[in-house]
Amino acid sequence: MEKTEIQKIVAAQRAYFKAGKTLDVNVRISALKALKAGIQRHEGEINKALEMDLGKGAFESYMCETGMVLSELSHMLSHIRSYAKEKTVATPLAQFHARSYKKPSPYGVTLIMSPWNYPFLLTISPLIDSIAAGNTAVVKPSAYSPYTSEVIKTILQECFNEEYVAVVTGGRAENTTLLEEHFDYIFFTGSQAVGREVMRKASEHLTPVTLELGGKSPCIVDKTANLKLAAKRIVFGKYLNCGQTCVAPDYIYCDASIKDKLMDELRLQIKKQFGTSPLINRDYGKIINEKHFKRLCGLMDMEKVAIGGRSESDTLRIEPTVMENVTFDDKVMQEEIFGPILPVLTYDSLDEAIAQINEMPHPLALYLFTTNKKNVKKVTSQVGYGGGCINDTIIHLATTEMGFGGFGESGMGAYHGKTGFDTFTHYKSIVDKKLWIDLPMRYQPYKKVYEKMVRMFMR
């Protein structure tokens with residue numbers, strides 16, 4: 001898309017917002033209902049697009065993308081009137097007599113830049129929150145998932161006029177052009193490298209941002225863990241979407257005493273969940289493109305591969321792979337893996353593991369498998385990370401009742417449910433002062449007689 005077209009879209013949305021078109025909650029509800037109907041109407045096309053882009057089967061597509069989007073829509077439609085109401089708060093005695101309240105107000109024109117790994121979910125879910133909060137939105141889906149981007153474009157063009165919600169497709173040139181524009185809020189999901197550039201460009205306009213990034217999310221397994229269940233849930237979380245999940249367990253960090261038993265359970269679970277020939281399993285996905293396929297193959301040290309390791313360049317598939325005898329100096333531990341390769345490292349004490357993780361950049365997620373409540377308290381209190389699970393993986397992001405996001409190197413800000421509404425909302429703090437009384441003590445000339453009263457009110 002040409003630069004002038006993008007500029008026209010942003011200008012049209014700013015005029016639309018300034019005209020107050022999105023402020024009425026009923027308008028927002030109608031928009032969300034139209035979006036929900038559009039998604040349901042095109043569900044088959046969404047499934048097909050996700051299969052073309054990522055090799056996802058229909059069940060996984062609904063469970064991890066379409067269904068989660070519909071859940072977010074249902075939540076917002078049920079709660080939006082409550083979320084959009086002014087909230088009265090207590091007024092200090094010194095401001096007698098007045099009403100103090102917080103007024104939820106949309107930012108204005110928002111930009112939503114989404115990634116390729118969950119291209120439908122991570123585009124539409126923040127869009128729902130933005131619309132619910134009363135903003136307009138320019139949506140930029142990833143060029144790496146072109147089939148899903150086209151379906152998104154079709155749905156949004158059916159549901160919205162361009163001055164309300166617009167879709168900009170394309171690659172790096174369009175991203176650069178969009179970031180040169182002045183938006184009122186930017187929501188970005190993607191890599192840390194691009195996230196830094198988004199933040200740098202946003203700073204030129206002092207535009208607030210939410211950055212949903214990633215990192216090397218550890219999966220700690222202590223010696224008290226239920227290893228059979230741990231392996232089952234780790235294999236699910238790691239190899240979902242062929243490992244291309246920002247909150248997938250990046251590596252296992254386990255007590256050295258249970259490592260061999262855990263490896264046996266992992267081997268068994270991979271066979272149970274994906275069969276003896278995962279590369280021909282229709283429900284097992286593929287790597288997004290050749291560039292990432294080659295990168296992942298380069299991370300595998302075949303001498304340390306204990307499970308899997310085979311790949312097919314023509315189908316861009318890599319078996320669920322487990323590496324053992326890995327150290328933090330190995331190549332596979334120098335970057336976020338973002339694929340179906342699972343290194344296993346060991347520790348001699350939990351304190352050692354905590355210290356090591358805290359020396360690394362803050363991960364987006366952390367998973368702990370244990371039956372020891374003291375270990376739960378220790379890890380969740382002493383380690384910095386975005387969010388996670390005890391005795392499971394992935395599922396903490398599948399609830400509208402908790403915000404999802406990272407901090408530090410794994411991002412900033414959060415969304416989902418009420419937290420998502422808050423992300424795209426500015427809360428104006430307002431005091432409505434009554435006219436029938438006006439306390440004189442705050443005005444000059446100050447008098448000694450008022451000092452006692454001021455101290456009483458303000459202590």
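Note on numbering: residues in each chain are counted from 1, in written sequence order. Side-chain atom pairs in this predicted model are given and counted only at pLDDT of 80 or more, local residue features only at pLDDT of at least 70, and totals for whole chains, interfaces and linings cover all residues. Hydrogens and waters are ignored; side-chain quantities use all the structure's heavy atoms.

## Details of the nonpolar core
Residue types Ala, Val, Leu, Ile, Met, Phe, Trp, Tyr and Cys, when buried and joined through side-chain atoms within 4.5 Å, form a set referred to as a nonpolar core. Buried residues are those whose accessible area, probed at 1.4 Å on protein chains only, stays under 20% of the maximum for their type, while exposed residues exceed 50% and partly exposed ones sit between those limits. By size, the foremost hydrophobic cluster in this structure holds 113 residues, and its most contacted members are Ile 124, Leu 156, Val 221, Ile 252 and Leu 266. By definition, any uninterrupted DSSP run of H or I lasting at least four residues is a helix, any uninterrupted run of E lasting at least two residues is a strand, and each is numbered from the N terminus. By residue number, the principal contributor to this core is helix H4 (residues 58–83), which donates eight residues. When checking whether two residues touch, look at their non-hydrogen atoms; a contact exists if any pair is within 4.5 Å. What Leu 266 contacts, discounting residues up to four positions off in sequence, is Ala 231, Ile 234, Val 235, Ile 252, Ile 307, Val 322 and Val 344. With 19 residues, the next largest nonpolar core counts Ile 186, Phe 188, Ala 202 and Val 209 among its residues.

## So, the pattern of salt bridges
Any Lys or Arg side-chain nitrogen located within 4 Å of an Asp or Glu carboxyl oxygen qualifies as a salt bridge. For the structure shown, the criterion picks out 23 salt bridges. A salt bridge links Arg 200 to Glu 197, with the shortest nitrogen-to-oxygen separation between them at 2.8 Å. Of this pair, Arg 200 and Glu 197 both sit in helix H8 (residues 192–203), three residues apart, which is roughly one turn of that helix. Among the residues examined, Arg 200 registers a relative accessible area of 43% and is labelled partly exposed. The salt bridge involving Glu 324 is made with Lys 259; its shortest N-O contact spans 2.5 Å. Of this pair, Glu 324 sits in the loop between strand S13 (321–323) and strand S14 (341–347) while Lys 259 sits in helix H10 (residues 259–274), and the two are 65 residues apart along the sequence. One connected set of salt bridges, linked through shared partners, spans Glu 197, Arg 200, Lys 201 and Glu 204.

## Here we look at the sheet that holds S13
Across a sheet, strands are paired by hydrogen bonds formed along the backbone, either parallel or antiparallel in direction. One open sheet holds the seven strands; their spatial order is S10-S13-S14-S9-S8-S15-S16, and the pairing between them is mixed. Edge strands, defined here as strands with exactly one partner in the open sheet, are strand S10 (305–307) and strand S16 (387–390). Each adjacent strand pair in this sheet contributes to an overall mean axis angle of 25°, direction not counted. Only strands joined by at least two bridges in the DSSP assignment are considered to pair. The pairing of strand S8 (residues 218–221) with strand S9 (residues 251–255) spans four bridges and is classified as parallel. In this description, a line fitted to the C-alpha atoms serves as the axis of each element, helices being fitted only across the stretch in contact, and the angle between N-to-C directions of two axes falls anywhere from 0 to 180 degrees.

## As for the sheet that holds strand S17 (residues 411–412)
Pairing within the open sheet is mixed, and its six strands lie in the order S5-S4-S3-S6-S7-S17. Every other strand in the sheet has two partners, leaving strand S5 (165–167) and S17 as the edge strands with one partner each. Alignment of strand S3 (residues 109–113) against strand S4 (residues 136–140), held across five bridges, turns out to be parallel. When the sheet's bridge partners are listed, Met 113 is paired in S4 with Lys 140.

## Structural notes on the pairing of S9
Buried residues dominate S9, accounting for five of its five residues. The parallel pair S8 and S9, bridged by helix H9 (residues 227–239), forms a crossover whose chirality is right-handed. Sheet analysis places S9 next to S14, joined by four bridges and oriented parallel. Pairing of Ile 252 across the sheet is with Val 344, part of S14. Seen with the strands pointing away from the viewer, any crossover whose path from the first strand over the helix to the second strand runs clockwise is right-handed.

Geometric values such as these leave the question of function open.
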